Amino acid sequence: MAICLTVQFVVRPGIVCGICLLFGLTDKLAIGFMLCSMAPGGNGSNLLELIFRGNVELGIVCTLFSSVFAAIAIPVDFYVYARRFSEDSFTFASMPWVDMMLAIICVFTGAVAGAVVRYRDDERGAWLEKRAA
């Protein structure tokens, strides 16, 4: 989890910030890139894990942890990296906290529902996993 969270919220935004500065992107474009680099991977990474026969369960856990941690890490990352591209004053109070919490609840609910189905009926869980992917 430490590697997952460090890459997600320190390494990736730092690299993207450097790229934005290197290429002299406009403020709005740089902020968009920065926000995309800070966002958790989600379903796209889970699909790639299925296609390439990776550890789907580990991917789901990483997505869950990064989504929960994102509620704090994205505002901090935005303050550290992206505010240099914005003339607006940034405060933690201006973050859409309710929307972020709803996203976390959706990811958590889906992960728990999938785990329960797979635990109770492995065959049905495998069938559902193939169809949903």
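See the structure shown above.
Residues numbered from 1 in each chain as written. Predicted model: local features only at pLDDT ≥ 70, side-chain atom pairs only at ≥ 80, totals over all residues. Heavy atoms only, no water.

*Asks:* Describe helix α2 (residues 27–38), and please don't skip the residues or the numbers.
*Replies:* Here α2 contains twelve residues, and its C-alpha end-to-end distance of 16 Å stays within 8% of the 16 Å for a straight helix at 1.5 Å per residue. Those residues of α2 not exposed but buried are A30, I31, M34, S37 and M38. The buried residues of α2 all sit within an arc of 125° when viewed along its axis, so they share a single face. Opposite its buried face, α2 presents the exposed residues K28 and C36, each directed more than 90 degrees away. (Helix = DSSP H or I, 4+ residues; strand = E, 2+ residues; numbered from the N terminus. Expected span 1.5 Å × (residues − 1). Buried < 20%, exposed > 50% of the residue type's maximum accessible area, 1.4 Å probe, protein only. Arc of directions from axis to C-beta.)

*Asks:* How would you sum up unusual backbone geometry? Please name residues and give values.
*Replies:* For R53, which is not glycine, the phi dihedral falls at a positive 55°. Along the chain, R53 falls in the loop between α3 (43–51) and α4 (56–80).

*Asks:* Can you explain the packing of α2 against α4? Please cite residues and give values.
*Replies:* The contact between α2 and α4 brings their axes to 10 Å, and the two run at 145°. Every pair of crossing elements has a handedness; the one defined by α2 and α4 is right-handed. Each of I31, L35 and M38 in α2 lies in contact with α4, whose residues at this interface are I74, D77 and F78. Residue classes in the contact of α2 with α4 are distributed as five nonpolar, no polar and one charged. (Axes fitted to C-alpha atoms, helices over the stretch in contact; angles between N-to-C directions. Left-handed = near helix turned anticlockwise from the far one by under 90°. Contact = heavy atoms within 4.5 Å. Nonpolar A, V, L, I, M, F, W, Y, C, P; charged D, E, K, R; others polar.)

*Asks:* Requested: an account of the packing of α4 against helix α5 (residues 97–120), with residues and values cited.
*Replies:* Where α4 contacts α5, the axes come no closer than 10 Å and their chain directions differ by 170°. Overall, the two elements α4 and α5 adopt an arrangement that is roughly antiparallel. On the side of α4, the interface is formed by I60, T63, L64, S67, V68, A71 and P75, while α5 contributes W97, M100, M101, I104, V107, F108 and A111. Broken down by class, the residue content of the contact of α4 with α5 amounts to twelve nonpolar, two polar and no charged. (Parallel < 35°, antiparallel > 145°, perpendicular 65-115°, else oblique.)

*Asks:* How would you sum up the nonpolar core? Please name residues and give values.
*Replies:* Core analysis: the largest hydrophobic core is formed by 16 residues, its most contacted members being F9, M34, M38 and F85. When contributions to this core are tallied by element, the ones reaching two or more residues are α1 (2–23), α2 and α4. For this core, the element with the most residues is α1, which contributes five residues. Among all residues touching F85, those that are not within four sequence positions of it are C17, C20, L21, D27, A30, I31 and M34. (Core = buried A, V, L, I, M, F, W, Y, C linked by side-chain atoms within 4.5 Å.)

*Asks:* With reference to specific residues and values, describe the side chain of Q8.
*Replies:* As for its position among the elements, Q8 is in helix α1. A residue is classified by how much of its surface remains accessible, and Q8, at 8% relative accessible area, is buried. At 2.7 Å, the side chain of Q8 and the backbone oxygen of A39 are in polar contact. (Polar contact = N/O pair within 3.5 Å; in protein donor to acceptor, adjacent residues only side chain to side chain.)

*Asks:* I'd like a rundown of the packing of aromatic side chains, residues and numbers included.
*Replies:* Counted according to the given criterion, the structure contains one aromatic pair. When the ring of F9 is compared with that of F69, the centres are 5.6 Å apart and the planes differ by 55°; the resulting orientation is tilted. Of this pair, F9 sits in helix α1 while F69 sits in helix α4; the two residues are 60 residues apart in sequence, bridging distant segments of the chain. Residue F69 is classed as partly exposed on the basis of its relative accessible area, which comes to 39%. (Phe/Tyr/Trp six-rings, centres within 6.5 Å; stacked < 30°, edge-to-face > 60°.)

*Asks:* Break down the side chain of S37 for me, citing the residues and quoting the values.
*Replies:* Turning to its location among the elements, S37 is positioned in helix α2. A polar atom in the side chain of S37 sits 2.7 Å from the backbone oxygen of M34. Residue contacts for S37: discarding those within four places in its chain leaves Q8, R12, P13 and V16.

No statement about biological role is implied by the geometric values presented.
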